[in-house]
2 protein chains.
Amino acid sequence: MTSKDFLAIGVDLGGTNIKAALVDAFGKILAKHAQPATVNRGPDAVIADIEHAIRVVLGAHSHDRALLKGIGVGAPGPLSPSKGVVIGAANLPGWQNIALRDRISLALGLPVVLDNDGNVAAFGEFWAGSGAGDDDVVLLTLGTGVGAGVVIDGATYRGQLENAAEIGHVIVVPDGLPCVCGKRGCLEQYASASSVARRVQGGIERGEHCSLTLSGEKITAEAVASAAQQCDPLCERVWDEACKCLGVMCVNIQHMFNPARILLGGGMSQAGALLLNRVRTHFETHRWTLHNDFPRIELASLGYDAGVIGAAGLVLSTKA
Amino acid sequence: MTSKDFLAIGVDLGGTNIKAALVDAFGKILAKHAQPATVNRGPDAVIADIEHAIRVVLGAHSHDRALLKGIGVGAPGPLSPSKGVVIGAANLPGWQNIALRDRISLALGLPVVLDNDGNVAAFGEFWAGSGAGDDDVVLLTLGTGVGAGVVIDGATYRGQLENAAEIGHVIVVPDGLPCVCGKRGCLEQYASASSVARRVQGGIERGEHCSLTLSGEKITAEAVASAAQQCDPLCERVWDEACKCLGVMCVNIQHMFNPARILLGGGMSQAGALLLNRVRTHFETHRWTLHNDFPRIELASLGYDAGVIGAAGLVLSTKA
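Quick look at the structure, then. Keep in mind it's a predicted model, so treat the numbers as computed, not measured.

1. Overview of the overall build of chain A
Next up, step 1: Within chain A, the regular secondary structure consists of 9 helices and 12 strands.
Next up, step 2: Relative to a compact globule of 320 residues, whose C-alpha radius of gyration would be 20 Å, chain A shows 20 Å and is just as compact.
Next up, step 3: For chain A, the spread of C-alpha atoms along the three principal axes comes to 60 × 45 × 35 Å.
Next up, step 4: The long-range fraction of contacts in chain A, counting pairs at least 24 apart against all pairs at least 6 apart in sequence, stands at 63%.
Next up, step 5: For chain A, the exposed surface amounts to about 12400 Å²; the carbon and sulfur share of it is 52%.

Right, here's the structure in full:
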């Protein structure tokens, strides 16, 4: 057998779902299972569910167990990859210093790698998605919050204090809107899919004219993008503010990490060109003229599978 | 002989001065020479001056030439460390794609390493200054502009496009004050020593009351800090704005790089505790409460020697 024959399990633990997949050395999913994460039952029950999801996936595809290299787990931070411990995620009640890596390893009898969900998704895009072919890639996942991950020289970048790439909590408006993290003015209050929907909703509640209504379908970032394109003034303003924050953030990522690519994923990226073109336009407006060290800005391509693929990729890309 | 016996030459090329030093493996300067950089005479004349400065330093200290491991050069960016080429620095007229590394190497018959001046200074502080003992360190040099360098895992971080850590050009006020780089609202327009002096000067010219005068000694960031401490309202406002920008930037560096230490150097750091305590206060006000992954914020310690020490350190810390 060669390294191309190896397989790994990727697990994506979120506040809403537990996903697990059996992934081959080319980043292809061979089997997949998802189940609701009933996080209010506490860590023991959730860890039992993770083990169950892994066993379902292992049972769903016939393979030589000797080819199974290990399990990668992406979980909400803050966490310590080196210790394998979830320190205390906001959307996982009761998770304080839980040794998730070792507990799963013990239960399944396989080596386990743990990393931040943002890092894991970025690694997935780098390894098997839109970031392939570059060494340094930054992913922004524009969903409920703004998740992020940074790949440097082909490895997830964690920083000495192990909590790097929390770009959703970079302050873009000092003393701005309050954030769940305890700060104010974080990127995710202006440029997540939820924040865009919430800000349009707030405008309607304050009586602003809008083609979207509170009584119809739930307001989504994609609906806001469409309405913006059709010149709805409220949606246009909120969408443009979000894209401007992202365009300026891309300039700032350029000057911080100088990666070859910045990828936009998550719910907001469902708007496709309506997101990408607007962000690129703001990037062009705000970038410097001193040097042409510009990252390409593109859409992520793995969608909701980025986490499980990246988690498996962490295992499969490790030497030996 | 052991690696502890090796020596290197460090060169710091700036728009104002050329500095060269002979440095030992502990980061100690054995001989030093500085001369004005008459940059308007173009690259050939400046490179001849650099060679002269190196020869002066080599002649000033008796040592075994076999111990001389090479020459490190810090120069204004943008540049390409991998190609050894200065691409086109704003304050070096006529420098377009100049192969500085190879020209110096050929003239002196020694291996040469070229890096951005900000990176080199950060490496100096990491190797022999306030950053010693940590793996990941960020330096902000608050002088004419805001220079910066990032050390990750004990090496200068350049990014795939080789121009990372241009933190002075991170946008802190979208559409804010115009910057020499062609953008608006860059950190260095609010938090460099020059910008602080310039903004106080502008206030006085507009007739604002101020204890500093335009007819007396030149207004410096240090004088602004002192006047701010003595409750001069204009100086207090400008100084506090600069320190707030830096405090918020430290939060953002925390979320981007998550380093163990952030060091403040350059002319503004002459204000000592007046800078450090104020920046720390703003950091405390703006930081998150979700996790205690806080970098220590400290003053840099090598002063104007950081460049030559760091440049030599790049050579001396290289394996073999």
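2. Things to note about the interface of chain B and chain A
Next up, step 1: Facing the 47 residues of chain B at the interface are 47 residues of chain A.
Next up, step 2: When the area that chain B buries against chain A is broken down by residue, the three leading residues are Gln-160, Leu-161 and Met-256 of chain B, summing to 19%.
Next up, step 3: Linking chain B with chain A are 2 salt bridges.
Next up, step 4: A salt bridge links Lys-244 of chain B to Asp-175 of chain A; the nearest nitrogen and oxygen atoms lie 2.6 Å apart.
Next up, step 5: Broken down by element, the side of chain B that touches chain A gets its largest block of residues, 8 residues, from helix 7 (residues 233-256) of chain B.
Next up, step 6: The class makeup of the residues in the side of chain B that touches chain A is 25 nonpolar, 11 polar and 11 charged.

3. Observations regarding the sheet that holds strand 11 (residues 261-265) of chain A
Residue and element names in this part refer to chain A.
Next up, step 1: Read across the sheet, 5 strands follow the order 10-9-8-11-12 without closing on themselves; strand pairing throughout is mixed. Of all the strands in the sheet, just strand 10 (155-156) and strand 12 (296-299) have a single pairing partner and so form its edges.
Next up, step 2: Summarising the sheet, strand 8 (residues 137-142) and strand 9 (residues 146-152) pair through 6 bridges and their orientation is antiparallel. When the bridges of strand 9 are listed, Leu-142 appears paired with Val-146.
Next up, step 3: On the sheet, helix 7 (residues 233-256) packs against strand 8, strand 11 and strand 12 and is oriented at approximately 155° with respect to strand 8.

4. A look at the sheet that holds strand 7 (residues 112-116) of chain B
Adjacent strands of a sheet form backbone hydrogen bonds with each other and so pair up, either parallel or antiparallel.
All names here are of chain B.
Next up, step 1: The strand order across the open sheet formed by 5 strands is 3-2-1-4-7, and the pairing between neighbours is mixed. Either end of the sheet is taken by a strand with one partner, and the two such strands are strand 3 (29-36) and strand 7. For this sheet, the mean angle separating the axes of adjacent strands, direction not counted, is 15°.
Next up, step 2: Strand direction decides the pairing type here: strand 1 (residues 7-13) and strand 2 (residues 17-24), joined by 7 bridges, are antiparallel. Pairing of Leu-13 across the sheet is with Ile-18, part of strand 2.
Next up, step 3: Here helix 3 (residues 117-128) sits on the sheet and contacts strand 2, strand 4 (68-75) and strand 7; the angle it forms with strand 7, its principal contact strand, is near 105°.
Next up, step 4: Helix-sheet contacts for helix 9 (residues 306-316) involve strand 1, strand 2, strand 3, strand 4 and strand 7, and the interaxial angle to strand 1 is about 135°.

5. As for the packing of aromatic side chains
Next up, step 1: Summed over all chains, the structure comprises 9 aromatic pairs over all chains.
Next up, step 2: With centroids separated by 6.5 Å and ring planes inclined at 75°, the aromatic side chains of Tyr-157 of chain A and Phe-257 of chain B adopt a geometry described as edge-to-face. Linking Tyr-157 of chain A in the loop between strand 10 and helix 4 (188-191) with Phe-257 of chain B in the loop between helix 7 and strand 11 (261-265), this pair reaches from one chain into another. Per residue, the accessibility class of Tyr-157 of chain A equals that of Phe-257 of chain B, and both read buried.
Next up, step 3: Lying over the aromatic face of Phe-6 of chain A, Lys-69 of chain A brings its terminal NZ or CZ to 5.7 Å of the ring centre.

6. Focus on the relation of the copies chain B and chain A
Next up, step 1: When chain B is fitted to chain A, the residual RMSD is 0.0 Å, and the transformation amounts to a turn of 180° plus an axial shift of 0.0 Å. Between the two chains, the operation in question is that of a two-fold axis.

7. Structural notes on unusual backbone geometry
Next up, step 1: Put simply, Gly-77 of chain A and Pro-78 of chain A share a cis peptide bond, and its omega is 0°.
Next up, step 2: If you trace the backbone, Pro-78 of chain A turns up in the loop between strand 4 (68-75) and strand 5 (79-80).
Next up, step 3: A positive phi angle is found at Asn-97 of chain A, which is not glycine, with a value near 50°.
Next up, step 4: Classification of Asn-97 of chain A by relative accessible area gives exposed; the value is 54%.
Next up, step 5: Even without being glycine, Asn-258 of chain B reaches a positive phi, approximately 50°.
Next up, step 6: By the element assignment, Asn-258 of chain B lies in the loop between helix 7 and strand 11.

8. Considering the pattern of salt bridges
Next up, step 1: Scanning all chains against the criterion turns up 34 salt bridges over all chains.
Next up, step 2: With its nearest N and O atoms 3.5 Å apart, the salt bridge here joins Glu-208 of chain A to Arg-206 of chain A.
Next up, step 3: The exposure class assigned to Arg-206 of chain A is exposed, which follows from its relative accessible area of 59%.
Next up, step 4: A salt bridge links Glu-236 of chain B to Arg-278 of chain B; the nearest nitrogen and oxygen atoms lie 3.0 Å apart. Separated by 42 residues along the polypeptide, Glu-236 of chain B in helix 7 and Arg-278 of chain B in helix 8 (residues 273-286) bring together distant segments of the chain.
Next up, step 5: Assessed through its relative accessible area of 27%, Glu-236 of chain B is described here as partly exposed.

9. A look at the packing of helix 5 (residues 193-205) of chain B against helix 7 of chain B
If you want to describe how two helices pack, look at the angle between their axes and the distance between the axes.
Residue and element names in this part refer to chain B.
Next up, step 1: At a closest axis distance of 10 Å, the pairing of helix 5 and helix 7 adopts a crossing angle of 150°. Considering their axes alone, helix 5 and helix 7 lie roughly antiparallel with respect to each other. Of the two elements, helix 5 crosses helix 7, and the hand of that crossing is right-handed. Mapping the contact onto sequence places Val-196, Arg-199, Val-200, Gly-203 and Ile-204 in helix 5 and Leu-234, Cys-235, Val-238, Trp-239, Glu-241 and Ala-242 in helix 7.
Next up, step 2: Classifying every residue of the contact of helix 5 with helix 7 gives 8 nonpolar, 1 polar and 2 charged.

Conventions used here
- Residue positions are given per chain, counted from 1 along the sequence in the order it is written.
- Chains carry letters and ligands carry numbers; both start at the beginning, A for chains and 1 for ligands, and go up in the order they are written.
- Per-residue local features of the predicted model are confined to residues with pLDDT of at least 70, and side-chain atom pairs are confined, for both listing and counting, to 80 or more; whole-chain, interface and lining totals are unaffected and use all residues.
- Excluding hydrogens and water, the side-chain values take into account all heavy atoms of the structure.
- Secondary structure elements are defined from DSSP: runs of H or I of at least 4 residues count as helices, runs of E of at least 2 residues count as strands, and each element is numbered from the N terminus.
- Between the two quantities, the radius of gyration covers C-alpha atoms and the globule rule is 2.2 Å times the number of residues to the power 0.38.
- The contact definition used throughout considers only heavy atoms, calling two residues in contact when any of these lie within 4.5 Å.
- In short, Shrake-Rupley with a 1.4 Å probe defines the accessible areas, and a residue's cover is counted only from the protein chains shown.
- Summed over both partners, the accessible area lost on bringing two parts together, with a 1.4 Å probe, is the buried area.
- For salt bridges, the criterion is a side-chain nitrogen of Lys or Arg within 4 Å of an Asp or Glu carboxyl oxygen.
- Charged residues are taken to be Asp, Glu, Lys and Arg, nonpolar residues to be Ala, Val, Leu, Ile, Met, Phe, Trp, Tyr, Cys and Pro, and polar residues to be all remaining types, Gly included.
- At least two bridges found by DSSP between two strands are what make those strands a pair.
- As a rule, the C-alpha atoms of each element are fitted with a line to give its axis, helices using only the stretch in contact, and angles between N-to-C directions run from 0 to 180 degrees.
- Any pair of Phe, Tyr and Trp rings, taking the six-membered ring for Trp, is counted once the centres come within 6.5 Å. Such a pair is stacked with planes under 30 degrees apart, edge-to-face with planes over 60 apart, and tilted for the rest.
- Classification of residues uses two cut-offs on accessible area relative to the type maximum, computed with a 1.4 Å probe and protein chains only: under 20% is buried, over 50% is exposed, and between them is partly exposed.
- Charge over a ring is defined by NZ of Lys or CZ of Arg lying within 6 Å of the ring centre and within 35 degrees of the ring normal.
- Alignment of copies: least-squares fit on C-alpha atoms of residues with pLDDT of at least 70 in both copies.
- Here roughly perpendicular refers to angles of 65 to 115 degrees, roughly parallel to angles under 35, roughly antiparallel to angles over 145, and oblique to all remaining angles.
- It is the rotation of the near helix from the far one that decides the hand of a crossing: anticlockwise by less than a right angle makes it left-handed, clockwise makes it right-handed.

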